[in-house]
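An overview of the molecular structure
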Amino acid sequence: MAGDEPGTTTRGREWRGVTGKLGQRIREARLARGMSLRETAALAGVSPSLLSQVETGKVQPSVTTLYAVVTCLDLSVDDILDHQPGAGSLPDSRSAHPVQRAAEAPAITMGDGVTWQGLAVMPGPDHVDGVLATYAPRASSSGREVLTRHAGVEHGYVLSGELTLRLESETYVLRAGDSFCFDSMRPHLYVNHTDEEARGIWYIVNGSPRPASTDDRVGSGLVRLEGAGSVGGGSVGGGHDGA
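Let me begin by describing the structure that accompanies this report.

Procedures and definitions
In this convention, every chain numbers its residues from 1, walking through the sequence in written order. Local features in this predicted model are restricted to residues whose pLDDT is 70 or higher, and side-chain atom pairs enter the listing and the counts only when it is 80 or higher, whereas totals over whole chains, interfaces and linings include all residues. The basis for the side-chain values is all heavy atoms of the structure; hydrogens and waters are excluded. Where helices and strands are cited, they refer to DSSP runs of H or I of at least four residues and of E of at least two residues respectively, numbered from the N terminus. Accessibility here uses a 1.4 Å probe with only protein chains present; expressed as a share of the type maximum, an area under 20% marks a residue as buried, one over 50% as exposed, and anything in between as partly exposed. Here a residue-residue contact requires only that any non-hydrogen atoms of the pair lie within 4.5 Å. In this description, a line fitted to the C-alpha atoms serves as the axis of each element, helices being fitted only across the stretch in contact, and the angle between N-to-C directions of two axes falls anywhere from 0 to 180 degrees. In this scheme the crossing of two helices becomes right-handed for a clockwise turn of the near helix relative to the far one and left-handed for an anticlockwise turn of less than a right angle. Any residue outside Ala, Val, Leu, Ile, Met, Phe, Trp, Tyr, Cys, Pro, Asp, Glu, Lys and Arg is labelled polar, Gly included; the first ten of those are nonpolar and the last four are charged. Definition used in this section: a nonpolar core is a set of buried Ala, Val, Leu, Ile, Met, Phe, Trp, Tyr and Cys residues joined via side-chain atoms within 4.5 Å. The arc refers to the directions leading from the helix axis to the C-beta atoms. When DSSP locates at least two bridges between a pair of strands, those strands are taken to pair.

1. Remarks on the overall build of the protein chain
Counting its secondary structure elements, the protein chain contains six helices and nine strands. Looking at the protein chain as a whole, 44% of its 243 residues qualify as buried. Residue pairs at least 24 apart in sequence account for 72% of intrachain contacts in the protein chain once pairs closer than 6 positions are excluded.

This is the structure we're talking about:
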């Protein structure tokens, strides 16, 4: 589930500001598409009350919830980060600015201790989402540790710490220097089982499809696999330790 609202500390005020902007972008996208709160929640597989709290900035969505919502709204990670990946037009990506300064990098902190920082990408017909992902100790991409899936091909490289990747029935323990690549429609989950922060670079290629209809949108979106079970500390059902 999404995290509880923090107190009135400086960090709490910053949290509300970032989460409020994220919720506002989601609400604006939903209204622009003429979709009701209940309709969007049903397509995303979340409750209307949770979506309402996300839109008003009262709670932080988990990675799972965020991907579910933005997928059914046909948004990308750049869209929710309010990230402009270069100044060039799509036909001539050579005119896009090649450098993104650290101070310009957009970031969002989600529930369950996960932060995304947008990386520089080039505009073009094949959409690419790039993020620096940080998983706090005991953080996971889904609060209930359920496996999820979404459109695209996922590429990642672990910079520091240790992260457990559950990919269908297989489990891999990833450490600094390890990399991975898989079809994001395969059910997956990331968990930091340790007491140390884990950081890595993620690129998702063609992760923002343009569905022709609502039925297509559901088919290509994120799916929660409630019966898949939670991730333990070791391998599950014939999986492998990627040490």
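Further notes follow.
2. Remarks on the packing of helix H2 (residues 37-44) against helix H4 (residues 63-72)
Across the interface, H2 lies against H4 with an axial gap of 8 Å and an inter-helix angle of 115°. In the crossing of H2 with H4, the sense of the turn from one axis to the other is right-handed. Every residue of H4 that contacts H2 at Thr40, Leu43 and Ala44 is listed here: Ala68, Val69 and Cys72. A per-class count over the contact of H2 with H4 returns five nonpolar, one polar and no charged.

3. Let's talk about unusual backbone geometry
A positive phi angle, near 70°, is found at Arg138, a position not held by glycine. Relative to the assigned elements, Arg138 resides in the loop between strand E3 (128-135) and strand E4 (153-160). Although it is not a glycine, Glu168 sits at a positive phi angle of roughly 55°. Tracing the sequence through the fold places Glu168 in the loop between strand E5 (162-167) and strand E6 (170-175). Of the residues examined, Glu168 reaches a relative accessible area of 35% and is grouped as partly exposed.

4. Here's the deal with the nonpolar core
Core analysis: the biggest nonpolar cluster contains 40 residues, and Ile26, Leu66, Leu73, Ile80, Trp116, Tyr135 and Tyr190 have the highest contact counts within it. Here this core gets seven residues from one element, more than from any other, and that element is H4. Those residues in contact with Leu66 that sit more than four places away from it in its chain are Leu22, Ile26, Pro61, Ile80, Ile108, Met110 and Trp116.

5. A few points about H2
For H2, every residue scored as buried is listed here: Thr40, Ala41 and Ala44. Angularly, the buried residues of H2 cover 100° about the axis, an arc narrow enough to put them on a single face. In H2, those exposed residues whose orientation departs by more than 90 degrees from the buried face are Arg38 and Ala42. Gly45 sits one or two positions beyond H2 and adopts a positive phi of about 75°.

6. Some thoughts on the environment of Tyr135
Examined against the element boundaries, Tyr135 turns out to sit in strand E3. Linking Tyr135 and Asn192, residues 57 residues apart in sequence, is a C-alpha distance of 6.5 Å.

7. Some remarks on the sheet that holds strand E9 (residues 198-205)
Sheet architecture is open: six strands sit in the order E1-E2-E3-E9-E4-E7, paired in antiparallel fashion. On the outer flanks of this sheet lie strand E1 (107-110) and strand E7 (179-183), each paired with one strand and no other. The sheet shows a mean angle of 20° between the axes of neighbouring strands, taken without regard to direction. Note: E1 against strand E2 (residues 114-118), four bridges, orientation antiparallel.

Honestly, it's all geometry; don't read function into it.
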